[in-house]
Amino acid sequence: MISVDFRTYSSVPPETAHSVVLFCDGAGFARDAAFQSFDRTLQGRLAKAVKAQEFKGETGQTLSLLSPGETILQLHLIGVGPKEKNVLSDRERFQQAGGYGFQALKKTKLKEKKAVFILPEALGDEAALIAFGARLGAYEFSLYRSEKKEAGPAHLTIFHPGKKSDQALSAQWKELDALSESVLMTRDLVSEPANVLYPESFRARIEALQIPGLETDVLDRAAMTSLGFGALLGVAQGSAKPPFTIILRYQGATDREAAPIAFIGKGVTFDSGGISIKPAAGMEEMKTDMGGAAAVVGAMSALARRKARVNAIGVVGLVENMVSGDAQRPGDVVRSYSGQTIEVQNTDAEGRLVLADLLAYTRDTYKPCLMVNLATLTGAIVVALGHEYAGLFSNDAALSQELEQAGRVTGESLWPMPMGEAYNRRLDSDIADMKNIGGRPGSSSLAAEFLKRFVGDTPWAHLDIAGTAWCDKGTACIPKGASGFGVQLLNQFVAEREN
Ligand code: BES
Ligand code: MN
Ligand code: ZN
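Below is a summary of the structure that appears in this document. (Residues numbered from 1 in each chain as written. Chains lettered and ligands numbered in written order. Predicted model: local features only at pLDDT ≥ 70, side-chain atom pairs only at ≥ 80, totals over all residues. Heavy atoms only, no water.)

A short note on the pattern of salt bridges
Spelled out, the test is: The salt bridge definition used is simple: a Lys or Arg side-chain nitrogen within 4 Å of an Asp or Glu carboxyl oxygen. Strands here mean DSSP runs of E at least two residues long; helices mean DSSP runs of H or I at least four residues long; both are numbered from the N terminus.
Under the defined criterion, the tally for this structure stands at 18 salt bridges. Taking the shortest distance from any N to any O, the salt bridge between Glu-140 and Lys-106 comes out at 2.8 Å. Taken together, the residues Glu-140 in the loop between helix H4 (127-137) and strand S6 (155-160) and Lys-106 in helix H3 (residues 90-107) connect sequence positions 34 residues apart. Residue Arg-205 pairs with Glu-192 through a salt bridge whose shortest N-O separation is 2.8 Å. One end of the pair, Arg-205, is in helix H6 (residues 199-207); the other, Glu-192, is in the loop between helix H5 (166-191) and H6, and 13 residues separate them in sequence. Here the salt bridges do not stand alone but share partners, grouping Lys-266, Asp-289 and Glu-350 into one network.

See the structure below:
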């Protein structure tokens, strides 16, 4: 993770900077004092380059000059101005600018370990968000490379015009520092291969967090057996790796007795499909089938790290879905924690079985004011929404709107999906209370209806993140790979309730 410090400037350019990123806010950027000062140092070359390259300071625009002056090795202009049809929230726009700034530095072969970001007057307030974006954009999972790729600078100094008090800036950075650490931890968890990250090692990572105020409880196989987690344990039974349910507790509200918010995550550390085995092509991606659990752990750690004024519970079900002589068979009937029985017609529809027990147990045990579950649940949601939106299913319109709003602010976008009785009826079984599949058409909604049978009347939302937990293409703040989707979203959802 790159380190960051902030400084105010009275005059620019800073003498010692060899690598400089200068941010440009839309149309008027050439009149800004910082821009003009660099242009003078470079004897008008900056203004000339801007003209020649038709750089307008729009979001996503970059202009790079290598060795433009004696002491300056590289100078990048990064646009932060709104485009005409801007679909980004302000927050996203500033974050992305930070990401683009870092990527411009990384693209050159210069091996500078330090760089400076310089903000114009107009962006004086956005130093923390820009640093946050740079940190997210700088992420790389390089644990298993013998030779490290050139990663770009390890340290950024952010020069800002000092419009915001040091106190206000450091308060804002404290929160975003905590949040970025949590997002990157979630990305690490999702990136780890399934031979390294399995239920027990996932549990060990959660226990190693040691964040003040964040307590964990563990349910092992014996505990889950006596509680009657038949649905979750059926999924786990084909694996040599023992399953765990981990509960993370955080009490930050003034009223420590206030009903908590509950976040629940699917943590299938590898999904082979079980006896209903998946095709070989692409199966390796199923190491990411714990993306919901990773997001919940990330969100809980962010709340604890920034000392959010909320009571929250995180519950993750950690299991591996494997094939063996002991594996669950298609047609098996299991009894869930809620008492409802399930005919497992397809062992690859395992996420809903894990969540069924978690949801009912969470509702009974913690009496939460609301439940939000995150899960890489269905391939069908990827077909419907691609990698742009996660599917949002809910039994509560107000909760749904709050989550959507948090999605708009953070850029972790949600799209509301339909539910209803007609879907639900397709889950009726001939020999049990329900079956776990009901045909391909609308199967993401079907999965949501399955979960709904375990939530009772608690306000609840299900986020199907199968398309958003992993990115095949990199963006400004999400290099190709694990996105950490859900951490910023849940954190923002809580932040809006705090005020
Ligand atoms: N983990 C998968 C869903 C998934 C697909 C996640 C693609 C990420 C990317 C889930 O357990 C699954 O296998 N779902 C099946 C359900 C079907 C058997 C009803 C699916 O979507 O095909
Ligand atoms: Mn599956
Ligand atoms: Zn799965």
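With respect to a nonpolar patch on the surface
How we decide: Within the patch definition used here, like charges are joined within 9 Å and nonpolar side chains (Val, Leu, Ile, Met, Phe, Trp, Tyr) within 5 Å, considering only residues with over 30% relative accessible area and no salt bridge. Per-residue accessibility takes into account occlusion by the displayed protein chains alone, with areas from the Shrake-Rupley method and a 1.4 Å probe. For every residue, the accessible area obtained with a 1.4 Å probe (protein chains only) is divided by the maximum for its type, and the residue is called buried under 20%, exposed over 50%, and partly exposed between those limits.
Side chains of Ile-275, Ile-277 and Val-323 sit close together on the surface and give an oily, nonpolar patch of about 250 Å² of accessible area. When you line up the elements, Ile-275 lands in the loop between strand S9 (261-271) and helix H9 (291-305). Taking the relative accessible area as the measure of exposure, Ile-275 reaches 38% and is therefore partly exposed.

Structural notes on the site of ligand 1
Keep this limit in mind: Near is defined per residue: the residue qualifies when any heavy atom it owns lies within 4 Å of the molecule or strand. Here a polar contact is recorded for every N or O atom pair within 3.5 Å, except that within protein the pair must consist of a potential hydrogen donor and a potential acceptor, and residues adjacent in sequence are included only if both atoms are side-chain atoms. Side-chain classes are defined by residue name, with Ala, Val, Leu, Ile, Met, Phe, Trp, Tyr, Cys and Pro counting as nonpolar, Asp, Glu, Lys and Arg as charged, and the others, Gly among them, as polar.
Lys-278, Asp-289, Asp-348, Glu-350 and Gly-379 are the nearest of the 16 residues found near ligand 1. Residue Thr-376 places a main-chain N or O atom 3.4 Å away from a nitrogen atom belonging to ligand 1. Compared with its free state, where it exposes 520 Å², ligand 1 has 80% of that area covered by protein. Residue composition of the shell around ligand 1, by class: 4 nonpolar, 4 polar and 8 charged.

Overview of the sheet that holds strand S10 (residues 311-321)
The strands that make up a sheet are held in pairs by hydrogen bonds between backbone atoms, and each pair lies either parallel or antiparallel. We count it as follows: One bridge is not enough; two strands pair if DSSP finds at least two bridges between them. The axes are straight lines fitted to the C-alpha atoms, using for helices just the contacting stretch, and the angles between their N-to-C directions are given from 0 to 180°. Residue contacts are counted whenever heavy atoms from the two residues lie within 4.5 Å of one another.
In spatial order, the strands read S7-S8-S10-S9-S13-S17-S14-S15; together these 8 strands make up an open sheet with mixed pairing. Since the sheet does not close on itself, it has two edges, and those belong to strand S7 (214-219) and strand S15 (414-416), each with one partner. For this sheet, the mean inter-axis angle between neighbouring strands, taken without regard to orientation, is 20°. Pairing geometry for strand S13 (residues 370-375) and strand S17 (residues 460-464), over 5 bridges, is parallel. In the sheet register, Leu-374 faces S17, and the bridge partner there is Leu-463. Contacting S7, strand S8 (244-251), S9, S10, S13 and S17, helix H10 (residues 351-366) runs over the sheet at an angle of about 155° to S9. Across the sheet, helix H15 (residues 487-498) is in contact with S9, S13, S15 and S17; its angle to S9 comes to roughly 175°.

Considering the coordination of the zinc ion (ligand 3)
In plain terms, the rule: In this analysis a donor is any N, O or S atom within 2.8 Å of a metal ion (3.2 Å for sodium, potassium and calcium), and since water is not included, sites may seem incomplete. Angular criteria define each label, namely tetrahedral for four donors with all angles between 85 and 135 degrees, square planar for four and octahedral for six donors with opposite donors over 155 degrees apart and remaining angles between 65 and 115, and irregular for whatever fails these tests.
Listed as protein donors to the zinc ion (ligand 3) are Lys-266 (NZ), Asp-271 (OD), Asp-289 (OD) and Glu-350 (OE); their distances from the metal cover 2.0 to 2.4 Å. Because the angles between the 6 donor atoms bound to the zinc ion (ligand 3) fall within 78 to 175°, the donor set is best described as octahedral. In the primary structure, the donors to the zinc ion (ligand 3) are separated according to the pattern K-x4-D-x17-D-x60-E. Taken as an interatomic distance, the gap from the zinc ion (ligand 3) to the manganese ion (ligand 2) is 3.1 Å; Asp-271 donates to each of them. Under the relative-accessibility criterion, Asp-271 is labelled buried at 3%.

Thoughts on H10
Note the threshold: In this analysis, the expected span of each helix is defined as 1.5 Å times one less than the number of residues it contains.
Over its 16 residues, H10 extends 22 Å from the first C-alpha to the last, a length consistent with the 22 Å expected when each residue adds 1.5 Å. Along H10, 13 of the 16 residues are buried, which leaves the element largely enclosed by surrounding structure. Trailing H10 by a residue or two, Lys-367 shows a phi angle of about 40°, which is positive.

Notes on a positive patch on the surface
Heads up, the rule is: Here Asp and Glu are counted as negative and Lys and Arg as positive; His is not counted, and neither are the chain ends. Taken as the charge location is NZ of Lys, CZ of Arg, CG of Asp or CD of Glu.
On the surface, Arg-145, Lys-148, Lys-149 and Lys-480 cluster together into a patch of positive charge. Structurally, the position occupied by Lys-149 is in the loop between H4 and S6. You can call Lys-149 partly exposed: its relative accessible area is 46%.

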